[in-house]
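Chains, contacts and geometry: an overview
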Amino acid sequence: MKNRIDYDVVIVGGGMVGATLACALGDTPLRVALVEARSELPSWSCSEYALRVSAITRASQNIFEVLGIWPAIVKRRAYAFRDMHVWDATGAGEIHFDSADLGEAHLGHIIENDVIVLALYERLKDFQNVDLLNPHQTEQVYFDAENASLRLSGDKIIKTALIIAADGSNSWLRQQSNIIVRGWDYDQSALVTYVHTEKSNQATAWQRFMQQGPLAFLPLAENISSIVWSTHPEQAASLAGLDDNEFCAELTAAFESRLGNVLSTGPRAVYPLRFFDAERYIQPRLALIGDAAHTMHPLAGQGVNLGLADVASLAEVLVAAQQAGRDPGLEHTLRRYERWRKSENRLMLASVDSFKRLYGSDLTALRWLRNGGMGLLNQLGPVKQQVIRYAMGQAGDLPRLARGESLYR
Ligand SMILES: Cc1cc2nc3c(=O)[nH]c(=O)nc-3n(C[C@H](O)[C@H](O)[C@H](O)COP(=O)(O)OP(=O)(O)OC[C@H]3O[C@@H](n4cnc5c(N)ncnc54)[C@H](O)[C@@H]3O)c2cc1C
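About the cut-offs
- Residues numbered from 1 in each chain as written.
- Predicted model: local features only at pLDDT ≥ 70, side-chain atom pairs only at ≥ 80, totals over all residues.
- Helix = DSSP H or I, 4+ residues; strand = E, 2+ residues; numbered from the N terminus.
- Rg over C-alpha atoms; globule rule 2.2 N^0.38 Å.
- Buried ≥ 20, exposed ≤ 12 C-beta atoms within 10 Å, placed from the backbone.
- Axes fitted to C-alpha atoms, helices over the stretch in contact; angles between N-to-C directions.
- Parallel < 35°, antiparallel > 145°, perpendicular 65-115°, else oblique.
- Left-handed = near helix turned anticlockwise from the far one by under 90°.
- Contact = placed C-beta atoms within 7 Å.
- Core = buried A, V, L, I, M, F, W, Y, C linked by C-beta atoms within 7 Å.
- Nonpolar A, V, L, I, M, F, W, Y, C, P; charged D, E, K, R; others polar.
- Near = placed C-beta within 6 Å.
- pLDDT = per-residue confidence, 0-100.
- Pairing = 2+ DSSP bridges.

**With respect to the overall build of the protein chain**
Check the secondary structure of the protein chain and you find 11 helices and 20 strands. For 409 residues, the compact-globule estimate of 2.2 N^0.38 gives 22 Å, and the protein chain sits close to it at 22 Å. Per-residue burial over the protein chain gives 45% buried out of 409 residues.

Shown next, in the form of structure tokens:
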């Protein structure tokens, strides 16, 4: 039939999460399509830093290593951070995590999102069973008992056993499927940029909690840090509008000059912040992954790491179904993925949201609690180690790829 192509799995959205799933299903017997609306890949140059970066955990690094993506990331740029230093602007509470206490070389890497996306698209070219369909906008979707069909821009119709929504927090597919999300806007925006500082960042991820929101300096090179400054939307807009010298002075003061003066800044961009978790991650012939399923505050640097864990779990479920000769789009097949990821994600989403609320409060009792709690946690070696292992993605029910093992036993 004209314009009719059949796949086992169609992934809609080729961001960091969707493109990683396409790579995870590469070289399997499944026929896969990756649909991406953008016409061009991000451009990246070693003389400029990109504005959007992610703190990538050890578990996510394992996924990239097993899938053969990690060398193309480090070939461009990835900065290992050894320490994390967090403190409260309103008191004496401080906490310090050191990779040496865990016997690890580092706690994770700060990586530009564009570097990850480029490495993923390079790797995709190696797989005969994965078609990249871009630029294609999704226009209509139909689900029936046997199949799902997508109509794409250019009157292209594709029929598949399973559609994966990896189309980000405003997911078109989630909305078309009437899947409800539970969550709220934070009435905060994140201003992002990169800066040069007078003093070295000591390969440390720094975060100062203020009542308006946290301010993070994430190391990109010895004297260069990526900034994520979460604050009221009006303040974020006004900071974005300052001239460079004024902005550097404001940032130096807000960060208590911990790295000396901020000497220069890159361009600035502002992102609204919200929290939600989709009520369901699956329905017959559909599964949600990454930001399409859940979105959280960036203060713990976990959003894409949870999305990559979704990928690793779903890929494991789909490969097992294929090996057993089961239809990948059946609710029964997908339920294991939903149970697995819902319980793991719920814990992280709730922890990050509680943390955000605790630090957003000016109530004396809560101030006392967070300062006292930070000090206490800093002294409790084993508990502190558990917290950091959790943040590194090394706790919980880890899928094979996140443990550094291949999908196939
Ligand atoms: C300021 C900030 C800092 C952050 N820092 C961190 C961090 O340090 N660590 C961390 O783990 N997370 C972090 N996050 C979260 C992280 O950025 C997201 O979780 C991640 O980008 C989500 O990836 P995704 O692939 O699910 O979605 P997206 O990145 O939104 O990708 C969706 C893709 O789908 C495509 N698309 C959309 N609609 C369609 C359609 N209809 N048809 C075809 N294609 C479509 C888009 O073009 C895009 O390529 C941060 C977030 C913010 C805002």
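What follows continues from the structure just given.
**Here's the deal with the packing of helix 2 (residues 58-66) against helix 8 (residues 303-323)**
At their nearest, the axes of helix 2 and helix 8 sit 9 Å apart, and the two run at 45° to each other. Taken together, helix 2 and helix 8 sit at an angle that is classed as oblique. Of the two possible hands of crossing, helix 2 and helix 8 adopt the one that is left-handed. Residues Ala59, Ser60 and Ile63 of helix 2 form the contact with helix 8, whose participating residues are Asn305, Leu308, Ala309 and Ala312.

**Let's talk about the nonpolar core**
Formed by 119 residues in total, the largest nonpolar core has its most connected members in Ile11, Leu21, Ile164, Ala287 and Ile289. In terms of residue count, the dominant contributor to this core is helix 8 (12 residues). Ignoring any residue separated from it by four or fewer positions in sequence, one finds Leu21 in contact with Ile11, Ile164, Ala166, Ile289, Val311, Leu314 and Ala315.

**Concerning the packing of helix 1 (residues 16-24) against helix 4 (residues 113-124)**
It is the contact of helix 1 with helix 4, at a shortest axis distance of 9 Å, that shows an interaxial angle of 25°. In terms of axis orientation, helix 1 runs roughly parallel to helix 4. Once helix 1 is placed against helix 4, the crossing between them reads as left-handed. Contact with helix 1, carried on its side by Met16, Ala19, Thr20, Ala22 and Cys23, involves Asn113, Ile116, Val117, Leu120, Tyr121, Arg123 and Leu124 of helix 4 and no other residues of that element. Across the contact of helix 1 with helix 4, the residue classes break down as 9 nonpolar, 2 polar and 1 charged.

**Side note on the environment of Ser171**
By the element assignment, Ser171 lies in the loop between strand 11 (156-165) and helix 5 (172-176). Judged by the 24 C-beta atoms lying within 10 Å of it, Ser171 is buried. Taking the C-alpha atoms as reference points, Ser171 and Glu112, 59 residues apart in sequence, are found 23 Å from one another. Residue contacts for Ser171: discarding those within four places in its chain leaves Ala165, Leu288 and Ala292.

**Description of the site of the ligand**
Contacts to the ligand come from 32 residues, most closely from Gly13, Gly15, Gly168, Gly290 and Gly303. Contributions of two or more residues to the shell around the ligand are made by helix 1, strand 3 (53-56), strand 12 (181-197) and helix 8. Ranked by the residues each element gives to the shell around the ligand, the list is headed by helix 8, at 4 residues. Taken together, the residues of the shell around the ligand break down into 14 nonpolar, 14 polar and 4 charged.

**Quick word on the confidence of the model for the protein chain**
On average, residues of the protein chain carry a pLDDT of 91, and 91% of them reach 70 or more. The low-confidence segment residues 1-5 (pLDDT under 50) makes 6 contacts with residues lying over four places distant or belonging to another chain.

**Some words on the sheet that holds strand 4 (residues 79-81)**
One open sheet holds the 3 strands; their spatial order is 3-7-4, and the pairing between them is antiparallel. Two strands in the sheet have a free side with no partner beyond their single neighbour: strand 3 and strand 4. Looking at each pair of strands side by side, their axes are set apart by 25° on average, direction ignored. Summarising the sheet, strand 3 and strand 7 (residues 108-112) pair through 4 bridges and their orientation is antiparallel. Across the sheet, residue Val53 finds its bridge partner in strand 7, namely Glu112.

**Quick look at the pairing of strand 11**
Each regular strand shows side chains that alternate between the opposite faces of the sheet. Where burial is concerned, most of strand 11 is hidden: 7 out of the 10 residues are buried. Across 5 bridges, strand 10 (residues 148-152) lies against strand 11 in antiparallel orientation. Bridge pairing in strand 11 links Leu150 to Ile158. Hairpin remark: strand 10 followed by strand 11, antiparallel, with 3 residues in the connecting loop; positive phi at Gly154, about 85°. As paired strands, strand 11 and strand 19 (residues 286-288) are joined by 3 bridges and run parallel to one another. Bridging from a neighbouring strand, Ala165 pairs with Leu288 of strand 19.

**Overview of unusual backbone geometry**
Across the junction of Asn134 and Pro135, the peptide omega takes the value 0°, indicating a cis bond. Tracing the sequence through the fold places Pro135 in the loop between strand 8 (130-133) and strand 9 (138-143). Phi at Asn178 takes a positive value of approximately 55°, unusual for a residue other than glycine. With respect to the helices, strands and loops of the structure, Asn178 is situated in the loop between helix 5 and strand 12.

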